[in-house]
Amino acid sequence: LSTCCLGLTLAESVSTGTQGNVLGIPGGVSNAVRTAQFFGAIVGVLMEDEIPQGLQLIANGLAHELILNGQKRVHYRVISSSFLRLIVGYLFLSSLFINVAQNSDVISIFYDVLALEFVENIDDTAYALAKKGFFGKSLLIATNQRYTLESPEEMSATVVKSGPRRRGSILRDPESLRRNASFV
């Protein structure tokens with residue numbers, strides 16, 4: 001979802017240019033606008049987290065043989081999903097730089113930065129909503145399952161994602177979710 005939205009944003013931004021000004025960057029803007037463009041780009045770069053996470057996951061996937069739940073080798077899946085994270089991150093940065101440079105109004109610059117950050121994180125928001133049961137019982141169960149990612153070299157489990165595991169919680173295991181999730 002993020003990739004599609006950021007791709008559409010980037011395509012629209014690039015299409016606004018003219019023959020002599022391909023990216024449609026306005027000339028003769030005030031110093032306040034140039035300063036806001038500079039700070040808007042810095043704020044956007046600082047808020048972007050997909051690229052560092054993707055690079056870290058690629059490094060972990062290449063350095064170790066990864067096994068999911070002690071059964072299935074998944075290091076190629078980790079690496080390929082990490083490349084998708086990189087694509088989302090680079091689409092965000094490309095859209096950010098072009099949109100910030102095209103604005104000639106200070107407040108529009110910061111609105112665009114915030115809007116792009118929301119679009120980049122829309123997948124995370126959808127996952128959080130599914131984890132709380134907003135998209136039905138099957139997604140509630142799927143997003144609250146516990147997964148462990150192990151490296152045979154170290155033989156120590158690292159929890160990648162897990163649902164709430166408090167004592168007495170109805171979300172302890174998928175079966176109790178099925179029994180107690182009738183409110184969804």
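Residues numbered from 1 in each chain as written. Predicted model: local features only at pLDDT ≥ 70, side-chain atom pairs only at ≥ 80, totals over all residues. Heavy atoms only, no water.

A. Region of interest: the overall build of the chain. Summing up its helical and strand segments, the chain has 8 helices and 4 strands in all. The linear arrangement of helices and strands in the chain, starting from the amino end, is α-α-α-β-β-α-α-α-α-β-β-α. Going through the 184 residues of the chain one by one, you find that 33% of them count as buried. Contacts spanning at least 24 positions in sequence make up 65% of the contacts within the chain whose residues lie at least 6 apart. When the accessible surface of the chain is totalled, it reaches about 11,100 Å², and 62% of it is carbon and sulfur. (Helix = DSSP H or I, 4+ residues; strand = E, 2+ residues; numbered from the N terminus. Buried < 20%, exposed > 50% of the residue type's maximum accessible area, 1.4 Å probe, protein only. Contact = heavy atoms within 4.5 Å. Areas by Shrake-Rupley, 256 points an atom, 1.4 Å probe, with all protein chains shown as cover.)

B. Structural context of the packing of aromatic side chains. Tallied over the full model, the rule gives 1 aromatic pair. With centroids separated by 5.6 Å and ring planes inclined at 65°, the aromatic side chains of Phe38 and Phe39 adopt a geometry described as edge-to-face. Relative accessible area serves as the criterion here: at 44%, Phe39 is assigned to the partly exposed category. (Phe/Tyr/Trp six-rings, centres within 6.5 Å; stacked < 30°, edge-to-face > 60°.)

C. Structural detail: the packing of helix H1 (residues 2–15) against helix H4 (residues 75–102). Packing of H1 against H4 leaves a shortest axis separation of 9 Å and a crossing angle of 30°. Between H1 and H4, the crossing angle belongs to the class labelled roughly parallel. Two packed elements cross with a definite hand, and for H1 against H4 that hand is left-handed. Taken together, the residues of H4 that come into contact with H1 (itself represented by Ser2, Thr3, Leu6, Gly7, Thr9, Leu10, Ser13 and Val14) are Ile87, Val88, Leu91, Phe92, Ser94, Ser95, Ile98, Asn99 and Gln102. Classifying every residue of the contact of H1 with H4 gives 8 nonpolar, 9 polar and no charged. (Axes fitted to C-alpha atoms, helices over the stretch in contact; angles between N-to-C directions. Parallel < 35°, antiparallel > 145°, perpendicular 65-115°, else oblique. Left-handed = near helix turned anticlockwise from the far one by under 90°. Nonpolar A, V, L, I, M, F, W, Y, C, P; charged D, E, K, R; others polar.)

D. Structural detail: the side chain of Ser82. Mapped onto the fold, Ser82 is located in helix H4. Apart from residues no more than four positions distant in its own chain, Ser82 is found in contact with Gly54, Leu57 and Ile58.

E. How the structure looks around the nonpolar core. Counting residues in hydrophobic clusters, the biggest one holds 19 residues, and the most contacted among them are Leu6, Phe92, Leu93, Leu96, Val100, Ile109 and Leu116. Of all the secondary structure elements, the ones that give two or more residues to this core are H1, helix H2 (31–47), helix H3 (50–63), H4 and helix H5 (106–120). No other element matches H4, which puts 8 residues into this core. Aside from chain neighbours lying at most four places away, what touches Val100 is Gln37, Gly40, Ala41, Ile109 and Val113. (Core = buried A, V, L, I, M, F, W, Y, C linked by side-chain atoms within 4.5 Å.)

F. Representation of the environment of Ala32. Within the secondary structure layout, Ala32 lies in helix H2. By relative accessible area, which is 46% here, Ala32 ends up partly exposed. A C-alpha to C-alpha distance of 8.9 Å links Ala32 and Asp105, two positions 73 residues apart in sequence.

G. Layout of the pattern of salt bridges. Scanning all chains against the criterion turns up 1 salt bridge. As a salt-bridge pair, Arg85 and Glu50 come within 3.0 Å of each other at their nearest N and O atoms. One end of the pair, Arg85, is in helix H4; the other, Glu50, is in helix H3, and 35 residues separate them in sequence. (Salt bridge = Lys/Arg side-chain N within 4 Å of Asp/Glu carboxyl O.)

Read these as spatial facts, not as claims about activity.
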